[in-house]
Amino acid sequence: MEFLYASEVLVNGLMAGVMYALVALGFVLIYKASGVFNYAQGVMALFAAMTLVGIMEGRVPFAHLINAMFGVHVSHFGWTVPAIFGIALTALIMVGLAIAVEKLVLKHLVGQEPIILFMATIGLAWFLEGLGDVMWGADVKVLDVGLPQGISDGIEAATNDWLGYGFFIDKLDIWATVIAAALVAALVGFSQYTKQGRAMRAVADDHQAALSVGISLRFIWIMVWSIAGFVALVAGIMWGTKSGVQFSLSLIALKALPVLMLGGFTSIPGAIVGGLIIGMGEKLFEYFIGPMVGGATENWFAYVLALLFLVFRPQGLFGERIIERV
Amino acid sequence: MIYREAGDFKTSYRDDGQTFPIRLDRWGYYALLAVAFLVVPFFIDSYWANAVLVPFLIYAIAAIGLNILVGYAGQVSLGTGGFMAVGAYAVYKLMTAFPGVPIFVHILLAGLITALVGMLFGLPSLRIKGFYLAVATLAAQFFLVWLFNKVPWFYNYSASGQITAPERTFFGWAVTGPATSASAKYLTCLVFAVVLAWVARNLTRGTVGRKWMAIRDMDIAAEIIGVNPLSAKLSAFAVSSFFIGIAGALLFAVYLGAAEASEAFGINKSFLVLFMVIIGGLGSIFGSFAGAAFLVLLPVFLKNVLVARLGWPTDLAAHLELMIVGALIIFFLIVEPHGLARLWRLTKEKLRLWPFPH
Amino acid sequence: MIATPATELTGEFTTDGRRTGPVLMDLKNITLRFGGVVAIKDISFDIREGEIRAIIGPNGAGKSSMLNVISGFYVPQEGEIWFEGARRPPMKPYEVARLGLARTFQNIALFDGMSVLDNIMTGRLNRMKAPLWAQAIWWGRAEREEVENREQVEKIIDFLEIQNIRKTPVGRLPYGLKKRVELARALAAEPRILLLDEPMAGMNVEEKEDMCRFILDVNDEFGTTIALIEHDMGVVMDLSDRVVVMDYGRKIGDGTPDEVRANPEVISAYLGVSQE
Amino acid sequence: MFDSAAGRETLLEINNIEVIYNHVILVLKGVSLSVPKGGITALLGGNGAGKTTTLKAISNLLHSERGEVTKGAINYRGEPIQKMDPASLVKKGVIQVMEGRHCFEHLTVEENLLTGAYTRTDGRAAVAQDLEMVYSYFPRLKERRKSQAGYTSGGEQQMCAMGRALMSRPETILLDEPSMGLAPQLVEQIFEIVKAVNEGEGVTFLLAEQNTNIALRYGHYGYILESGRVVMDGPAEALRENPDVKEFYLGMSEQGRKSFRDVRSYRRRKRWLA
Amino acid sequence: DLVVPNLSYRTGPYGANGTQYADGFNDYFTLLNERDGGIGGEKIQTPECETAYNTEKGVECYEATKGNGALVYNPLSTGITYQLIPKVSADKIPLYTPGYGRTSAKNGKVFEWVFNAPANYWDGASVAIKYLLDQNGGDLKGKKIALVYHNSAYGKEPIRTLQELSKKHGFTLSELPIDPPGQEQKSQWLQIRRDKPDYVVMWGWGVMNQTAIQEAANIRFPMENFIGIWWAGSEVDVMPVGDAANGYKSLTFNGVGTDYPVYDDMKKFVIEPGKASQGGQFVGSALYSRGMYAAVVIAEAIKKAQELAGSSAITAPQLRDGFEALDITPERLTEIGLPDFGPEIKMSCDNHGGSGMARLQQWDAGAKKWSLITEFTEPDQDVLNPLIAEDSEAYAKEAGITPRC
Ligand SMILES: Nc1ncnc2c1ncn2[C@@H]1O[C@H](COP(=O)(O)OP(=O)(O)OP(=O)(O)O)[C@@H](O)[C@H]1O
Ligand SMILES: Nc1ncnc2c1ncn2[C@@H]1O[C@H](COP(=O)(O)OP(=O)(O)OP(=O)(O)O)[C@@H](O)[C@H]1O
Ligand SMILES: [Mg+2]
Ligand SMILES: [Mg+2]
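Analysis parameters
- Residues numbered from 1 in each chain as written.
- Chains lettered and ligands numbered in written order.
- Predicted model: local features only at pLDDT ≥ 70, side-chain atom pairs only at ≥ 80, totals over all residues.
- Heavy atoms only, no water.
- Contact = heavy atoms within 4.5 Å.
- Buried area = accessible area lost by both parts, 1.4 Å probe.
- Salt bridge = Lys/Arg side-chain N within 4 Å of Asp/Glu carboxyl O.
- Polar contact = N/O pair within 3.5 Å; in protein donor to acceptor, adjacent residues only side chain to side chain.
- Helix = DSSP H or I, 4+ residues; strand = E, 2+ residues; numbered from the N terminus.
- Donors = N, O, S within 2.8 Å, 3.2 Å for Na, K, Ca; no water.
- Buried < 20%, exposed > 50% of the residue type's maximum accessible area, 1.4 Å probe, protein only.
- Near = heavy atom within 4 Å.
- Areas by Shrake-Rupley, 256 points an atom, 1.4 Å probe, with all protein chains shown as cover.
- Nonpolar A, V, L, I, M, F, W, Y, C, P; charged D, E, K, R; others polar.
- Domains from an automatic or database assignment.
- UniProt positions renumbered as here; feature names shortened; annotations may be inferred.
- Patch = residues over 30% accessible without salt bridge, like charges linked within 9 Å, V, L, I, M, F, W, Y side chains within 5 Å.
- Phe/Tyr/Trp six-rings, centres within 6.5 Å; stacked < 30°, edge-to-face > 60°.
- Lys NZ or Arg CZ within 6 Å of the ring centre and 35° of its normal.
- pLDDT = per-residue confidence, 0-100.
- Disulfide = S-S within 2.5 Å.
- Axes fitted to C-alpha atoms, helices over the stretch in contact; angles between N-to-C directions.
- Parallel < 35°, antiparallel > 145°, perpendicular 65-115°, else oblique.
- Left-handed = near helix turned anticlockwise from the far one by under 90°.

**Regarding the interface of chain B and chain E**
Link 1 in the chain: With 38 residues of chain B in contact, the opposing surface of chain E contributes 37 residues.
Link 2 in the chain: Interface of chain B and chain E: buried area, both sides summed, is about 3,000 Å²; carbon and sulfur atoms make up 49% of it.
Link 3 in the chain: In terms of surface lost to chain E, no three residues of chain B exceed Ala-159, Lys-303 and Thr-314 of chain B, which account for 18% of the buried area on that side.
Link 4 in the chain: Across the pair Lys-269 of chain B and Glu-56 of chain E runs a salt bridge, and its minimum N-O distance is 2.1 Å.
Link 5 in the chain: The interface formed by chain B and chain E includes 17 residue pairs in polar contact (both at pLDDT 80 or more).
Link 6 in the chain: Those elements that place two or more of their residues in the side of chain B that touches chain E are α3 (46-72), α4 (80-97), α6 (130-150), α10 (229-256), β4 (258-259), α11 (261-264), α13 (285-309) and α14 (314-335) of chain B.

**Some remarks on the coordination of the magnesium ion (ligand 4)**
All names here are of chain D.
Link 1 in the chain: Coordination of the magnesium ion (ligand 4) by the protein comes from Thr-52 (OG1) and Glu-99 (OE), over a distance range of 1.8 to 2.3 Å. With Thr-52 in helix α1 (residues 51-59) and Glu-99 in the loop between β6 (94-97) and α3 (109-116), this pair connects stretches of sequence that are 47 residues apart.
Link 2 in the chain: By relative accessible area, which is 16% here, Thr-52 ends up buried.

**Topic: the site of ligand 1**
Link 1 in the chain: Not every one of the 22 residues close to ligand 1 is listed here, only the nearest: Ser-64, Ser-65 and Gln-106 of chain C together with Arg-144 and Gly-155 of chain D.
Link 2 in the chain: More than a single chain frames ligand 1: its nearby residues are located in chains A, C and D.
Link 3 in the chain: Lys-63 of chain C places a main-chain nitrogen or oxygen 2.7 Å from an oxygen atom of ligand 1.
Link 4 in the chain: The fraction of the free accessible surface of ligand 1 (630 Å²) that becomes covered by protein chains is 97%.
Link 5 in the chain: Put simply, the parts of the chain that give the shell around ligand 1 at least two residues each are α1 (63-70) of chain C together with α6 (154-166) of chain D.
Link 6 in the chain: Of the residues assigned to the shell around ligand 1, the class counts are 5 nonpolar, 11 polar and 6 charged.

**Considerations on the site of ligand 2**
Link 1 in the chain: Lining the immediate surroundings of ligand 2 are 20 residues, of which Arg-172 of chain C together with Thr-52, Thr-53, Glu-99 and Gln-210 of chain D lie closest.
Link 2 in the chain: The environment around ligand 2 is built from residues contributed by chains C and D.
Link 3 in the chain: At 2.4 Å from an oxygen atom of ligand 2 is found a side-chain nitrogen or oxygen belonging to Thr-53 of chain D.
Link 4 in the chain: Contact between ligand 2 and Gln-210 of chain D: an oxygen atom at 2.6 Å from a side-chain N or O atom of the residue.
Link 5 in the chain: Surface burial for ligand 2 is 85%, taken as the share of its 630 Å² of free accessible area covered by protein chains.
Link 6 in the chain: When contributions to the shell around ligand 2 are tallied by element, the ones reaching two or more residues are α6 (175-188) of chain C together with β2 (25-36) and α1 of chain D.

**Some thoughts on the domain arrangement of chain D**
Residue and element names in this part refer to chain D.
Link 1 in the chain: For chain D, the assigned domains are domain 1 (1-93 + 172-190 + 203-241) and domain 2 (99-169).
Link 2 in the chain: Computed over C-alpha atoms only, the centres of domain 1 and domain 2 are separated by 23 Å.
Link 3 in the chain: Residue-level contacts link 14 residues of domain 1 with 11 residues of domain 2.
Link 4 in the chain: Together, Ile-173, Met-180 and Ile-190 form the three largest contributors to the area buried by domain 1 at its contact with domain 2, with a combined 32%.
Link 5 in the chain: Put simply, domain 1 and domain 2 have 0 salt bridges between them.
Link 6 in the chain: Inspection of the region where domain 1 meets domain 2 yields 2 residue pairs in polar contact (both at pLDDT 80 or more).
Link 7 in the chain: Listing elements by their share of the side of domain 1 that touches domain 2, those giving two or more residues are α2 (86-92), β7 (172-176) and α7 (184-201).
Link 8 in the chain: When its residues are assigned to classes, the side of domain 1 that touches domain 2 shows 8 nonpolar, 3 polar and 3 charged.

**Here's the deal with the UniProt feature "transmembrane region" (unreviewed entry) in chain B**
Link 1 in the chain: Feature annotation in UniProt assigns "transmembrane region" (unreviewed entry) to the following positions: residues 27-44, 50-69, 76-95, 101-123, 130-148, 236-259, 271-296 and 316-335 of chain B.
Link 2 in the chain: Along residues 76-95 of chain B the backbone is 80% helical and 0% strand, and the end-to-end C-alpha distance reaches 32 Å.

**Some points on a nonpolar patch on the surface**
Link 1 in the chain: Together, Val-191, Val-195 and Trp-198 of chain B together with Trp-133, Ile-137 and Trp-139 of chain C give the surface a local cluster of nonpolar side chains, amounting to about 650 Å² of exposed area.
Link 2 in the chain: At the level of elements, α7 (182-205) of chain B together with α4 (132-137) of chain C are the ones that each hand at least two residues to the nonpolar patch.
Link 3 in the chain: The biggest single contributor to the nonpolar patch is α7 of chain B, with 3 residues.
Link 4 in the chain: In this fold, Val-191 of chain B is placed in helix α7.

**Describing the packing of aromatic side chains**
Two aromatic rings are characterised by how far apart their centres lie and by the angle between their planes.
Link 1 in the chain: According to the stated counting rule, one finds 66 aromatic pairs over all chains in the structure shown.
Link 2 in the chain: On the basis of an interplanar angle of 10° and a centroid distance of 5.5 Å, the ring pair of Phe-104 of chain B and Phe-192 of chain B is categorised as stacked. Residue Phe-104 of chain B is located in helix α5 (residues 103-122), and its partner Phe-192 of chain B is located in helix α7; the two are separated by 88 residues in the primary sequence. This pair shows no difference in class: Phe-104 of chain B is buried, exactly as Phe-192 of chain B is.
Link 3 in the chain: With 5.4 Å between their ring centres and 35° between their planes, Phe-191 of chain D and Tyr-218 of chain D make a pair best called tilted. Note that Phe-191 of chain D is positioned in helix α7 and Tyr-218 of chain D in helix α8 (residues 212-218), a separation of 27 residues in sequence. Accessibility assignment for this pair places Phe-191 of chain D and Tyr-218 of chain D in one class, buried.
Link 4 in the chain: Ring pairing ties together the aromatic residues Phe-27, Tyr-31, Phe-37, Tyr-39, Phe-118, Trp-126 and Phe-265 of chain A together with Phe-131, Tyr-132, Phe-271 and Phe-275 of chain B, which thus form one cluster.
Link 5 in the chain: Lys-28 of chain C extends its terminal NZ or CZ atom over the ring of Trp-82 of chain C, reaching a point 4.1 Å from the ring centre.
Link 6 in the chain: One Lys or Arg, Arg-290 of chain E, reaches over the ring of Trp-231 of chain E and ends 4.9 Å from the middle of that ring.

**Quick notes on the confidence of the model for chain D**
Residue and element names in this part refer to chain D.
Link 1 in the chain: For chain D, the mean per-residue pLDDT works out to 84, and 90% of the residues sit at or above 70.
Link 2 in the chain: Counting interchain partners and residues more than four positions distant, the pLDDT-below-50 stretch residues 1-6 has 9 contacts.
Link 3 in the chain: Here the prediction assigns the complex a pTM of 0.90, and the interface score ipTM is 0.88.

**Description of the coordination of the magnesium ion (ligand 3)**
Residues and elements named next belong to chain C.
Link 1 in the chain: Every protein donor of the magnesium ion (ligand 3) is accounted for by Ser-64 (OG) and Gln-106 (OE1), and the metal-donor separations fall at 1.9 to 2.1 Å. Taken as a pair, Ser-64 in helix α1 and Gln-106 in the loop between β6 (101-103) and α3 (116-122) lie far apart in primary sequence, 42 residues in all. Here Ser-64 matches Gln-106 in class, with each residue buried.

**Re the state of the cysteines**
Covalently bonding the sulfur atom of one cysteine to the sulfur atom of another cysteine gives a disulfide.
Link 1 in the chain: One pass over the full model with this rule turns up 2 disulfides over all chains.
Link 2 in the chain: The side chain of Cys-49 of chain E participates in a disulfide bridge whose partner is Cys-61 of chain E; the two sulfur atoms lie 2.0 Å from each other. Since a negative S-S torsion denotes a left-handed disulfide, the Cys-49 of chain E-Cys-61 of chain E link at about -75° is left-handed. Of the two residues, Cys-49 of chain E is situated in strand β4 (residues 48-50) and Cys-61 of chain E in helix α2 (residues 55-66); the sequence distance between them amounts to 12 residues. Cys-61 of chain E shares its class with Cys-49 of chain E; the two are buried.
Link 3 in the chain: Between the sulfur atoms of Cys-349 of chain E and its disulfide mate Cys-405 of chain E the distance is 1.7 Å. Across the S-S bond linking Cys-349 of chain E and Cys-405 of chain E, the dihedral sits near -80°, which makes this disulfide left-handed. One end of the pair, Cys-349 of chain E, is in the loop between β13 (345-346) and β14 (359-364); the other, Cys-405 of chain E, is in the segment after α14 (381-399), and 56 residues separate them in sequence.
Link 4 in the chain: Sulfur of Cys-160 of chain D: no disulfide; nearest cysteine sulfur belongs to Cys-103 of chain D and is 3.8 Å away.

**So, the environment of Phe-138 of chain D**
All names here are of chain D.
Link 1 in the chain: Take Phe-138: it is sitting in the loop between α4 (123-137) and α5 (139-143).
Link 2 in the chain: Along the backbone, Phe-138 and Ile-224 are 86 residues apart, and their C-alpha atoms lie at a distance of 30 Å.
Link 3 in the chain: With residues up to four places along the chain from it excluded, the contact list for Phe-138 reads Met-159, Met-162, Gly-163, Ile-190 and Ile-193.

**So, the pattern of salt bridges**
Link 1 in the chain: Throughout the structure, instances matching the rule amount to 76 salt bridges over all chains.
Link 2 in the chain: Through salt bridges that share partners, Asp-173, Lys-242, Lys-255, Glu-282, Lys-283 and Glu-298 of chain A together with Glu-184, Lys-186 and Glu-215 of chain E make up one connected network.

**Overview of unusual backbone geometry**
Residue and element names in this part refer to chain E.
Link 1 in the chain: Cis geometry is found at the peptide bond from Ala-117 to Pro-118, where omega equals 5°.
Link 2 in the chain: Relative to the helices and strands, Pro-118 is located in the loop between β6 (114-115) and α4 (121-135).
Link 3 in the chain: Cis peptide bonds are those with omega within 30 degrees of zero, and the linkage from Pro-180 to Pro-181 qualifies with -5°.
Link 4 in the chain: Summarising the element assignment, Pro-181 is placed in the loop between β8 (172-178) and α7 (186-195).

**Things to note about the packing of α3 of chain D against α4 of chain D**
To characterise two packed helices, one gives the angle between the axes of the helices and the distance between these axes.
Residue and element names in this part refer to chain D.
Link 1 in the chain: For the pair α3 and α4, interaxial distance at closest approach is 11 Å and the crossing angle is 125°. Between α3 and α4, the angle falls in the class oblique. For the crossing formed where α3 meets α4, the hand is right-handed. Two secondary-structure elements touch here, α3 through Glu-110, Leu-113 and Leu-114 and α4 through Val-127, Leu-131, Val-134 and Tyr-135.
Link 2 in the chain: Grouping the amino acids of the contact of α3 with α4 by side-chain chemistry returns 6 nonpolar, no polar and 1 charged.

This is the structure in structure tokens:
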């Protein structure tokens, strides 16, 4: 029986890992394409989810600001938008965001050290966080795009017949796994086998040299940030469906970091594999060891696991070899 | 034409290495110090102390510490919050265990304990570099906070895990505890900030500072010309943690008076101090002060303008504040990626050339 | 002025009548592989005290790798390194540096964020031993050391004629000056052996002449042993006492410049026919 | 052989430009050049003279180094190109090979070469063909095609950078110190390639070189830069015969080439600095 | 004018909760100002200051507002409360922390300036256990109860009480901490699935609550056996979970919904004229009601203080006297227009925590509303009083306070 419990934890851990990986993917894309560690990825997921809810519910953007400035009381347009259009519109807005980020931020920081760019994304994170709240309000929003939620009866029944113990698996997690697998396959294909993918990796290595061979940083960055925006939207939908759209959603970025570390900042498959290892590791640890040491170990355990791993492989599981030469 | 370097000749190597090579700068700093020590304490009220100056000084110390690690030694760390917690809990345990010993000793000891912990968590830096290291230091952040939260010994078995600083005096002056006057808080922090800034300056202009910078700029080359990376990196972690530990001790004992690990020393603290360092200027002590001032003062200032002056709802103001601070960070980075310190230096360079720029 | 001049030299006379000493460093059967690439294949040669030893060869021959082996950055899979008559145990690069080896790098490896002066001072790090606490309060030994070493460094600055850029951050310097600063940093360590990896790449004749003068002066005045990689044959032929030629990781020639120049294998692999 | 700029159409025209870094450091103090179509123009000068800066000003790469052109005009085929972004410039046919190689470390040698063809739209086959061409110029690259560029030797990286530029089928190449760090044989070879490309395909070159000797041997026209100013210019043969150039840039004294061993610290002052 | 600063948080991880509370707090004072012209003729100002649930910003807010004659603070954060306890004692300003903060502050002998009526965390824990005793015919022997808590000072508060109670009643207690923010609780809930506790009690805040309720639903834990503290009992906690949350219970010490006479006035004087905080979006929600309730108690204390002082422009120390003499009877509540809205509150010099009574509410997912399912229940003072005495005495010793009264 204990074994069955443990395997249930394991399966659930793997699923949780997939959810982390969805966030980690966005980081990887941008890191790969510009050497930028995009701290704003979590906030982008929040922003995308907020925008999606706002559009679907027909909220008036900046209602709060308008009310404060003009002393009126607007809140909703009074219509609702079907999920599919909402998602399409939000994706467009994320492209707009990518263009704005390129124009207003990245363009002016070409060739700067990574830490400076990192810092800029932190500024961006703050800005977006504020913007999201000003646009759509800080209340907890319920997001329902029609993804099923709750445990899957089918799996429960099947495992019950087979093992005598029904596994509880969230349908949402199953969907997340399917979506993540599709995303990863598409992104791997893109970055390894296309001209734009190659250009993207070139930009990450050397901005100046990329410019000098005629790669338009502008185009690459807009493209990558748009894709990352889309990935953020997907992550936002999954996490928003799971636990409501609210500030804390941006903090899932912190769960994605150990995943990145373990999988390697530059590897798309690494994000998934790292996610699986972290999800599984932290859940099992909390389940077995947690009660002995007082629990709440998940946060640090993920990092310590990744850290121990890095000591043996400093570039992560699938990361590009760190070039050390003189 | 007043700001001149020309004509300011050094006659010995000793003079040439001094902290403020330009006479005008030197006088400016002396005047500033005189005001800070002799004038401000008489006028300071508890709002200015608690909301502005004390946090500014404490964060400046933390920022100098982190700047040593990130700006001088090139090891990006996000463990600052955790190390500050070590300082805070160390000083709490020492204060309550040895009430008779002067508080200043406790604070220094807390710094030393943090230095040891910092070295321990600095060990992976020998293998792990760049952003990988930055993320790895989060392990320290989360683990330490968890530890202080979980092990009741650290918070003297209090019911909720909060620690509260008892009153301690120094020559009859309350330095910690509720009865501490605004000027006592301010002066305590000021003394630490000034002395530690001076120490940091000495370290960074000397041998060990050059070792750190060598490792930062090109670690392999540094090793080949004879820098032992182990000792350089660990000494950076130790010194940096010493500063950060003292900042944590002051934050808890002098400024807040009570603290809880996960709230007061959470991940946000790590990021906040890192922002200060980057905005202020990596590898600059002046920059650490500037960055701390910027990030402590700006939100207070914006809040005052938006809420008190314009009368906007507080939540809207808070959201706009986030947007404005975020936008300003980006703006400053674009204007000068090397921080406020470089901006200041460029301004001085321009002044020096004025009115004939080229 | 910097180092104590080498003690009475024994051994052979060089081409221009100077004396060189006994073998200082002896590399025996070095082989270095990177995965499938064999960068160095069973190479042996020695360096005598006080001589200028050149290493030449086509691009990718393994010259820089050889220097990296000498300075301990690459650990060869096979072979031994003898230094001053004893076998050198496996060492970390910084330990090697402490034995008295200093070098410059092919792709300039200066510390970009520091001023020229500080860069050169890093060359003397191993001579400054004040404890951390003394440095923290800038007192006693720390301050004394700083001033003493600064004096030494100023001599090198004078010697290399870079007084006017003392306080400039090196990142802003043009290429040629960077190379000179790198040389200064290496000299500041007062090394027994100075390893130079293409010190004159990217310089015009005038600047090369300067550089040659510095190298010769270092060798003459301080008796520093020099190993040098260079592609400019004029420089190599004029300066060096003995030359090793590498190609594809193998040694294809070793001897005086004249001998090497006459070696047909060297001509076909490296010099090419158009050289005079 | 190609004779002086006079008879040919001017492709690139630089008129009295000034460049300032970081808002304070004035590096180019009024430089004017004209590059004729189909020629090889050499830009000579000592360290820090401003050669690289000039090239970057043309290819608009200064921006990312916090430098800017504050005065003067740069025209390509009579069209001002100062405001153009580097990518469009490459599409127009101007490509730069940067000083210090700047290969993409994590990409393999072959991927590096392929990025050179980024702006091309003439199909995979043509690109593959040019790849073979580059490999035939630099057989060493073919051997190392699968290794990460970061792990190749200095010379291999230089070849890679050159090859990468050729892959874009440019009209004009701005070459910054192509000979640096290359074995003598290879230097010859690279310049032979330059010559071949120039003559065979009519590609225009503007090359910054320290190796005055070879630059003047292959170049048609030369400019000499010192401290951000053009101090001398003329057809290559004329410059080669100029006594100052001979002494300072070619290392010749009246008795022919002098030995590096005989250099004295005393040197004659350059006439134009007097 | 009388100044009652509102240290609120409408941003940050708990902004969604804080914003509703702050609205209720503001609106009640607005009502008094609009309808009655303030209290005793003095208008009430509620300058708001955003803390983002962050202790340092809390201190900044405190310092920024205390100069303007602030009468009382209600920061809605246990962390900020701990910061302010020493400060308010030095500055002599009352701190009112209903249902949160430092539990042992109930002991007015030690905590002269702090009030936490009507109920504190230990009361809550005890009332919850009492309810379970009721459900089980007065016997919890051999039962298993799991505590799922926010891993912070706030969440740890009830542990000691529950441990005492488990000794007394013979149930076993297991503790499961959740790190804030708490979107990931899989392993904890799978532990619950394995250990099959009979009841789960939760001390949560923010996103942790709804995640927990969702996860409980996912392991088919019966919602009826799941009881949250009052901070885990608002609409934002259950709404995102949808139907699965039906039957979830939580403690409360205030009424919810708009079925109270006071809302007639509220509508007329505040909401319709557009004076409601944030346009009155959250009127009647659980947290709104609690914010309003805090304002009611403060207003009553002010009134009392004015009576005692004989003038309407009271000072902060006089307000403390008002709190200590406060007696909010059910009749008085009815008079205010909030019949049965909260328990009776009677405080004194040594009792700063009132009766500690609380009741339970249950979520009806179909109707999307909370309904009250028990009357106000007294906690088990026999267990709590010694604990409070012990903790407050330890504090008195550490801080060098000589108990008064
Ligand atoms: N760290 C490494 N990993 C893999 N291969 C390497 C590494 N270092 C050098 N090599 C390979 O070893 C060979 C020799 O390189 P090395 O840098 O020693 O050449 P070199 O003789 O200095 O050439 P150049 O004159 O071009 O600088 C090259 O083919 C290079 O690609
Ligand atoms: N990013 C920069 N910031 C400040 N100054 C710079 C910068 N880049 C170059 N300079 C300065 O501009 C001047 C010209 O440099 P440039 O690189 O153009 O010279 P160069 O002729 O190419 O020299 P070399 O032959 O050494 O490459 C030098 O004095 C250099 O210090
Ligand atoms: Mg080499
Ligand atoms: Mg150049």
